[in-house]
Every structure is written in structure tokens, then in C-alpha cells.
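Descriptive analysis of the structure
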Amino acid sequence: MQHACDNWFVAFFEGALIILIMVRIIKSMRGSIPFIRRIPGLNAIDEAIGRATEMGKPILMIPGILGLDIVSLQALNVFTHVTRTAARFATPIRMCVCDATLYTISQEVIQDAYQAEGKPELYDPDSVRFLSDQQFAFAASVAGLIQREQVAATFFLGSFFAESLIFAEVANSVGAIQVAGTVMTTQTPFFIAACDYVIIGDEFYAASAYLSKEPVATGSLVGQDYAKLLLTFFIVLGSIIYTVTGYAGGPHVPLIHTLFADGGWNALLHSIRHLF
Amino acid sequence: MHNWEIAQGNTIWLAIAGVLLVTFIIIGLLTKLPLTLRRPLLSFLVFVSGLFYALEYFLPTHPVLDHGVMVPENILTDLIPNIINPLAQDLSALLFGLGLFSLMRIHFNNVARQRSGWVNSLALLVSTLSMMVFGFWSRANLHHPRWVDQVYHHLFDGVYQNMDAAMFSLIAFFILSASYRAFRIRSFEASILMTSALIVLLGLSFGGLITDKVPDYGLWSNFRIETWSSWILNIISSPGLRAIDFGVGLGGLAMGLRIWLGIEKGALFGD
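Since this is a predicted model, take the numbers as computed values, not measurements.

Now for the overall build of chain A. Summing up its helical and strand segments, chain A has eleven helices and six strands in all. For chain A, buried positions account for 53% of its 276 residues. Taking contacts inside chain A between residues at least 6 apart in sequence as the whole, the part at least 24 apart equals 71%. Of the roughly 11,700 Å² that chain A leaves accessible, carbon and sulfur atoms contribute 61%.

Dropping the structure here:
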């Protein structure tokens with residue numbers, strides 16, 4: 001288990017990132033709403049729902065194959081938007097989940113989305129389905145569902161592994177328009193190869209801010225950009241330090257040794273005392 | 001390190017009954033709460049849970065002997081494997097029952113109403129029940145006939161594992177069809193993708209034979225296909241992936257912070 005005192009530099013750095021994000025959230029809550037650039041994958045959501053509505057076929061949503069975590073909660077945020085739009089046009093939806101915890105929460109979220117649109121009668125409890133908690137049994141079930149129901153649009157958002165390509169290729173074979181987004185960098189290439197629109201990397205977390213334009217979410221998004229700038233600064237600084245000093249074998253520079261000091265809080269204090 | 005003893009004999013049934021009773025009372029009370037009170041209560045619980053992990057991470061540690069290995073711990077570390085993880089497992093098990101109930105209900109209705117493809121639903125019901133019966137019989141009851149183990153072995157290792165492997169092997173064919181579509185040269189970007197993929201594929205397979213005569217030292221080594229392949233992987237691909245990972249990590253941090261502080265809006269958190 002990791003602790004802050006394993007590496008004090010990381011703990012301070014995390015603190016700095018949190019402060020940057022919080023400052024931007026507070027500024028945004030006070031009315032300074034930032035601009036968010038166009039994200040094609042998220043613009044395609046309405047297009048995909050529209051197509052499913054025209055064809056009178058269902059929309060399929062999968063919030064990854066892991067359990068309840070930040071990633072699946074973010075996927076549920078996007079699926080709430082999808083469900084509300086689908087509810088307006090009475091387009092049927094199917095949501096398949098691979099985790100029992102997520103299943104109960106998904107049911108609640110989808111039911112709330114129909115109620116929020118004033119159409120609770122359209123909610124079908126069987127539209128949210130727990131298929132299996134085993135990876136390939138789930139993949140087989142989803143592939144079967146796509147084939148049987150001939151879904152018109154698919155949304156794969158969340159944590160995916162080897163089954164990602166099975167979903168995307170089967171959906172492609174029935175001609176479904178596909179929007180995918182995952183935080184798993186190993187699966188992003190598969191989605192790019194097989195899907196129509198892909199949300200890459202942190203665009204996945206930008207989704208709720210982009211769709212809702214809600215101040216907290218948009219402020220947080222800008223805070224993340226500032227945090228990235230800080231991260232970039234330290235990457236460049238680290239590269240320069242490493243190049244100049246050849247750290248771990250180079251000349252003795254106390255300040256740099258303090259920066260890279262191993263050990264807990266005591267080691268940090270010792271290094272600072274050593275500096276003066 | 002303190003480990004909880006598993007209760008034996010009748011005590012375990014009493015413990016299970018007690019836990020179920022308390023769980024249903026809590027769930028009942030929660031469902032009776034009005035929505036205006038339920039959300040602040042959940043936000044408070046989320047904050048306390050998050051605070052626990054934050055404190056566990058930031059508080060100073062001291063080395064403790066655990067299973068013969070010195071590990072850094074503080075006053076909260078011990079609670080994670082002994083209380084929090086078992087609680088999470090119990091909750092997952094309870095919710096798994098709900099998931100299983102939903103699955104069985106959908107397929108039972110398919111069979112009862114003889115909807116299209118009801119035979120598949122029947123196969124699912126029979127296979128699920130068979131695995132449950134023989135699984136419990138084989139694992140939970142020590143005094144069972146030998147044939148029960150054999151049936152369980154045939155069902156799990158003979159049928160389930162092979163079908164799982166068959167699904168996995170399908171990916172190879174899907175990779176072929178997906179890469180065919182992705183690599184069709186339709187644009188400048190697709191051409192770059194195609195060329196890079198070809199170089200990496202050659203570099204990792206038999207491409208070395210093409211540039212076999214080129215010396216693998218000095219300036220000439222830059223003209224070997226393995227060098228190009230590893231350059232694309234290490235200089236172009238890896239930094240790109242790491243940059244995406246940084247963005248994803250920051251996104252997770254920001255969202256975690258919003259949820260922890262109860263300022264997140266949207267699904268589950270209210271508009």
C-alpha cells in the first residue's frame with residue numbers, strides 16, 4: 001500500500017494539482033464559465049440517437065466491464081444524457097452491465113432519467129440487464145444481444161479489455177453507429193479501428209462538462225488543463241536536471257538531491273536541514 | 001496483525017441471520033428517507049469514506065511485521081484488510097444476488113411466454129442452475145458422492161473454460177477485419193497509420209531478414225527495420241500513451257475530488 005511519506009515530492013505535487021483544480025472550480029462557480037472546444041465524439045451522441053430513432057431500433061450502452069468506480073460513474077453521467085434524449089423520442093434503450101453493484105445503480109440512474117424527462121411510463125426494468133460478471137461470457141451475451149436486437153447505435157464508455165473489439169466488430173457487422181471512449185490506452189486503438197467516433201483519454205472525463213455546461217464540471221476541466229501545464233513544466237525541468245547533472249551519478253547539487261530524496265517525512269526534514 | 005476468526009457451528013448461521021437483519025433494517029430506513037435527506041446523507045458517507053483513505057495515505061507510517069515482511073503502516077492501515085474489504089465483499093455478494101435475480105427473471109419470462117429464441121433462455125437457466133447446484137454441492141458439502149466432483153469438473157473445466165477460450169480466440173479474427181478497415185488507405189493519416197503499422201509488424205516478425213545484410217552497429221544500424229520499429233514504439237507510441245495516461249489520471253483525480261466534496265452534479269448526485 002502506498003503512502004504519502006514513501007515519496008514526499010509526489011505528495012506535495014498531488015496537493016498542488018488539487019489546489020489548481022479547486023481554484024478553477026471555485027472561480028467557475030463564481031461565474032467565470034470557460035469555453036470548451038468542440039469534441040467530435042461527444043457531438044456524435046445526438047447523431048447516433050437520432051439515427052436509432054429514425055430506424056426504430058434500440059440504443060445499446062455499456063459502462064465498461066469493471067465495477068463501480070470513477071470511470072463507470074462518468075460513463076453513467078453520459079448515459080443519463082443519452083437516456084434523457086432517447087426518452088424524448090421514445091427510442092428504446094438497452095444497457096448491459098457486467099457488475100452487480102453497477103447493475104443496481106444503473107437501474108436507479110436510468111429510471112431517474114426517464115422521470116426527469118417526464119416519461120416514467122417509458123422506463124422498462126428489463127432495459128438494464130446484468131448479463132454476467134465473467135469477461136467473455138459477458139462479451140458473448142452482448143454480441144448475441146446486438147445480433148438479435150439489431151441495435152442501431154452503440155455507446156461503449158468505460159473500462160474495457162480484450163472484449164472491446166468483439167463488441168465493436170459485432171456492432172459494426174449489424175451497421176450500428178458507434179461511439180466509444182475508454183481510459184484504457186491499450187484498447188483505444190481497437191476502438192479507433194472499429195468505431196465511428198472515439199473519445200480519447202481525458203476527453204472521457206470532459207464529457208459531463210461538455211454535455212451539461214455545468215460550472216463545477218467546466219471549472220474542473222480548466223483546472224485539469226492548468227494541472228497539465230504544471231505537469232509539463234516539471235517534465236521539462238526533470239529532463240533538464242537529468243541532462244545537466246546526470247542524476248544518480250552526477251555532480252553533488254544539494255537542492256537537486258533534496259528534490260529526489262527517498263524516504264519519509266523525516267528524510268525530507270533531514271534534507272532541508274542539510275541544505276542550510 | 002489482527003485477523004477475524006470465522007465463526008463455526010451454529011454461530012455462523014446466527015451471524016449470517018444477524019447481518020442480514022441489520023442490512024435489511026438499514027436498507028428499509030434508507031428507502032423510507034425522503035430524497036432531500038437521502039442525498040445529503042449519501043454525500044456525508046462518501047465524504048467520511050474518502051476522508052478515511054486520504055488520512056490513511058497522508059498520515060506518517062511506521063514499519064510493522066506482517067507475515068514475516070516489514071511493511072509501512074499507520075493506525076488506519078489495519079482497518080482496510082480487516083473491516084473495509086470484507087464489508088465491500090459482503091455488499092458485492094448481496095448485490096450479485098440482485099443481478100442474478102434480474103437475469104433469471106428476464107430469461108424465465110422468455111421461456112414462459114415462448115418468445116423468439118426462448119430455447120437459448122432455457123439453456124441459460126439450465127446451465128446456471130446446474131453450475132449452482134453442483135458448485136455448491138461440490139464445494140460447500142464435504143461429504144458428497146464422488147460423481148458430484150466429476151460432474152462439476154466436466155461442467156467447469158470441460159465446458160465453461162473451453163467456451164471462454166473460444167470467445168477469446170474470436171478476437172484474432174476481429175482484429176483482422178478491424179485492421180483491414182482501419183488500414184485502407186483513404187487519407188494521409190490512414191497512409192501514415194498503414195506505413196507505421198507495417199514497419200512495426202515487420203520489425204517484430206520476419207522484417208529483420210529484409211535488412212539482414214545491414215550492419216547492426218554504428219550509423220548503418222539506423223537503416224535496419226528493427227531500429228525503425230523500436231523507434232516508432234519507443235519514441236512515438238510510448239510518449240503518446242503516457243501523455244494520454246497523464247490526462248486520464250488528472251481527469252480521475254478531478255472527478256474523485258468533486259465526488260468526495262459532494263459538488264459533483266449529474267447521475268446519482270442530483271442536478
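Bringing the packing of aromatic side chains into the picture now. Aromatic rings in a pair are described by how distant their centres are and how their planes are angled relative to each other. Under the counting rule described, the total for this entry stands at 26 aromatic pairs over all chains. On the basis of an interplanar angle of 80° and a centroid distance of 5.9 Å, the ring pair of Phe138 of chain A and Phe167 of chain A is categorised as edge-to-face. Here Phe138 of chain A, found in helix α5 (residues 135-149), pairs with Phe167 of chain A, found in helix α6 (residues 164-173); they are 29 residues apart in sequence, far enough to count as distant. Across this residue pair, the class does not change: Phe138 of chain A and Phe167 of chain A are buried. Centroid distance Tyr152 of chain B to Phe156 of chain B: 6.0 Å. Interplanar angle 5°. Geometry classified as stacked. Linking Tyr152 of chain B with Phe156 of chain B, this pair stays in helix α5 (residues 146-183), spanning four residues, or about one helical turn. Judged by relative accessible area, Phe156 of chain B falls into the partly exposed class, the value being 27%. Grouped by ring-pair contacts, the aromatic residues Trp8, Phe9, Phe12, Phe13, Phe233 and Phe234 of chain A constitute a single cluster.

Moving on to the side chain of Glu203 of chain A. Residues and elements named next belong to chain A. In this structure, Glu203 sits in helix α8 (residues 203-212). There is a polar contact of 3.1 Å between the side chain of Glu203 and the side chain of Arg37. Glu203 has contacts with Arg37, Ile39, Leu42 and Val198, leaving out every residue within four places of it along the chain.

Formed by 52 residues in total, the largest nonpolar core has its most connected members in Ile59, Met61, Val82, Met95, Ile110, Phe155 and Phe204 of chain A. The element that contributes the greatest number of residues to this core is helix α3 (residues 70-88) of chain A, accounting for nine residues. What Ile59 of chain A contacts, discounting residues up to four positions off in sequence, is Ile49, Ala52, Val82, Ala86, Thr91, Pro92, Ile93, Arg94, Ala153 and Phe155 of chain A. Formed by 35 residues, the second largest nonpolar core is a distinct cluster that contains Ile62, Phe156 and Leu165 of chain A together with Met167 of chain B.

Here helix α3 (residues 79-112) of chain B is 34 residues long and its end C-alpha atoms lie 48 Å apart, about the 50 Å a rise of 1.5 Å per residue gives. Considering bend angle alone, the principal kink of α3 of chain B is centred on Asn85 of chain B and spans about 25°; proline Pro86 of chain B follows within four residues of it. Ile80, Asn82, Leu95, Gly99, Leu100, Ser102, Leu103, Met104, Ile106, His107, Asn110 and Val111 of chain B are the residues of α3 of chain B that are buried. The inward-facing, buried residues of α3 of chain B abut α4 (100-116) and β3 (128-130) of chain A together with α2 (35-58) and α4 (118-140) of chain B. Just downstream of α3 of chain B lies Gln114 of chain B, where phi reads positive at about 50°.

Turning our eyes to something else, we now look at the environment of Ala182 of chain B. Looking at the element boundaries, Ala182 of chain B is found in helix α5. Sequence separation between Ala182 of chain B and Gly203 of chain B is 21 residues, and the spatial gap between their C-alpha atoms is 20 Å. For Ala182 of chain B, the contacting residues outside a window of four places in its chain are Ala193 of chain A together with Ala190 and Leu193 of chain B.

Under the domain assignment, chain B is made up of domain 1 (1-77) and domain 2 (184-260). Centre-to-centre, using C-alpha coordinates, domain 1 of chain B lies 45 Å away from domain 2 of chain B.

Bring the parts together and some accessible area is lost; that lost area is often taken as the interface size. Contacts between the two partners involve 57 residues from chain B and, on the opposite side, 66 residues from chain A. Taking both sides of the interface into account, the surface hidden between chain B and chain A amounts to around 5,200 Å²; carbon and sulfur atoms contribute 71%. The largest per-residue losses of area from chain B upon contact with chain A belong to Tyr57, Met167 and Leu250 of chain B, which jointly make up 12% of the total buried on that side. Taken together, chain B and chain A are joined by two salt bridges. Put simply, Arg105 of chain B and Asp126 of chain A hold a salt bridge, and the shortest N to O gap is 2.7 Å. For the interface between chain B and chain A, the tally reads nine residue pairs in polar contact (both at pLDDT 80 or more).

Interpreting fine coordinate detail is not advised for predicted regions of low pLDDT. Looking at chain B, pLDDT values average 86 and 95% of them are 70 or higher. When the elements of chain B are averaged for pLDDT, helix α1 (residues 10-32) of chain B gives the smallest value, 82, and helix α7 (residues 225-260) of chain B the largest, 92.

Looking at chain A, the pLDDT average stands at 87 and 89% of residues meet or exceed 70. Summarising per-element confidence for chain A, the mean pLDDT is lowest in helix α10 (residues 254-259) of chain A (59) and highest in strand β1 (residues 59-62) of chain A (97).

Our next topic: unusual backbone geometry. Glycine aside, a negative phi is what most residues show, and trans is what most peptide bonds show. All names here are of chain A. For Gln150, which is not a glycine, the phi torsion comes out positive at approximately 50°. Mapped onto the elements of the fold, Gln150 is located in the loop between α5 and β4 (153-158). By relative accessible area, Gln150 is classed as partly exposed at 30%. Positive phi, close to 55°, is recorded for Lys213, a residue that is not glycine. Within the secondary structure, Lys213 is located in the loop between α8 and α9 (215-245).

Cut-offs used in this document
Residues numbered from 1 in each chain as written. Chains lettered and ligands numbered in written order. Predicted model: local features only at pLDDT ≥ 70, side-chain atom pairs only at ≥ 80, totals over all residues. Heavy atoms only, no water. Helix = DSSP H or I, 4+ residues; strand = E, 2+ residues; numbered from the N terminus. Buried < 20%, exposed > 50% of the residue type's maximum accessible area, 1.4 Å probe, protein only. Contact = heavy atoms within 4.5 Å. Areas by Shrake-Rupley, 256 points an atom, 1.4 Å probe, with all protein chains shown as cover. Phe/Tyr/Trp six-rings, centres within 6.5 Å; stacked < 30°, edge-to-face > 60°. Polar contact = N/O pair within 3.5 Å; in protein donor to acceptor, adjacent residues only side chain to side chain. Core = buried A, V, L, I, M, F, W, Y, C linked by side-chain atoms within 4.5 Å. Expected span 1.5 Å × (residues − 1). Bend = angle between axes of the 7 residues up to and from the residue. Domains from an automatic or database assignment. Buried area = accessible area lost by both parts, 1.4 Å probe. Salt bridge = Lys/Arg side-chain N within 4 Å of Asp/Glu carboxyl O. pLDDT = per-residue confidence, 0-100.

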